[in-house]
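# Report on the structure
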Amino acid sequence: MKLVSAIIKPFKLDDVREALAGVGIEGMTVTEVKGFGRQKGHTELYRGAEYQVDFLPKVKLEIAIKSDRLEMLLEAITDAARTGKIGDGKIFVTDLEQAIRIRTGEFDNDAL
């Protein structure tokens, strides 16, 4: 099992959700986050004063998946989230040691 964490631009969330539904991915956790990388933030004007915005709004998706479906998931996220501009985001994949569905007590792949 794998845990996939993807950081994407907020306006791409619906596109990614639709792409995942199209390949049969049923569930995910979505969190609104802030961050920066190479994009380095930007300046904004507020009441005549210019100020630096270092942390930009992003969306973090977390998806637990069976290992044999990983490549399909990564391709769906990458294709749907890509704009071709800096700040499109990143995807991180980690091993998932154990999963338990609380309602039924099912373990591991059965819990996904």
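Owing to the predicted nature of the structure, the values given are computational and were not obtained by experimental measurement. (Residues numbered from 1 in each chain as written. Predicted model: local features only at pLDDT ≥ 70, side-chain atom pairs only at ≥ 80, totals over all residues. Heavy atoms only, no water.)

### Points about the pattern of salt bridges
Stated precisely, the cut-off is as follows: Salt bridges are defined by distance alone: a side-chain nitrogen of Lys or Arg within 4 Å of a carboxyl oxygen of Asp or Glu.
Under the criterion given, the structure shown has six salt bridges. With its nearest N and O atoms 3.2 Å apart, the salt bridge here joins Asp15 to Lys12.

### Observations regarding the environment of Glu97
Note the following rule: In this text, helices come from DSSP runs of H or I with a minimum length of four residues, and strands from runs of E with a minimum of two, each type numbered from the N-terminal end. When checking whether two residues touch, look at their non-hydrogen atoms; a contact exists if any pair is within 4.5 Å.
Inspection of the secondary structure assignment puts Glu97 in the loop between β6 (89-95) and α3 (108-111). Among all residues touching Glu97, those that are not within four sequence positions of it are Met1 and Asp108.

### Observations regarding the side chain of Lys2
As a reminder of what qualifies: Counting of polar contacts relies on pairs of N or O atoms within 3.5 Å, with two restrictions inside protein: one atom must be capable of donating a hydrogen and the other of accepting it, and residues adjacent in sequence are counted only when both atoms are side-chain atoms.
Structurally, Lys2 is set in strand β1 (residues 2-8). A polar contact is formed between the side chain of Lys2 and the side chain of Asp95, at a distance of 2.4 Å. Dropping the residues within four chain positions of it, Lys2 is found in contact with Ile63, Ala64, Ile65, Ser67, Leu70, Val93, Thr94, Asp95 and Leu96.

### Concerning the sheet that holds β1
Heads up, the rule is: Following DSSP output, two strands are said to pair if at least two bridges run between them. Between N-to-C directions, angles span 0 to 180 degrees; the directions come from axes that are lines fitted to C-alpha atoms, helices contributing only their stretch in contact.
Spatial ordering of the open sheet is given by β2-β5-β1-β6, a layout of four strands whose pairing is antiparallel. Of all the strands in the sheet, the pair left with one neighbour each is β2 (29-35) and β6. Ignoring strand direction, the axes of neighbouring strands in this sheet form an average angle of 20 degrees. Packing against the sheet, helix α1 (residues 13-22) makes contact with β1, β2 and β5 (56-65), and its axis sits at approximately 15 degrees to β5. Each of β1, β5 and β6 is contacted by helix α2 (residues 70-81), which is oriented at about 5 degrees to β1, the strand it contacts most.

### Looking at unusual backbone geometry
In plain terms, the rule: Here the term buried applies to any residue with accessible area under 20% of the maximum for its type, exposed to any over 50%, and partly exposed to those in between, with areas from a 1.4 Å probe on protein chains only.
Phi at Asp108 is positive, roughly 50 degrees, even though this residue is not glycine. In this structure, Asp108 sits in helix α3. A relative accessible area of 29% means that Asp108 is categorised as partly exposed.

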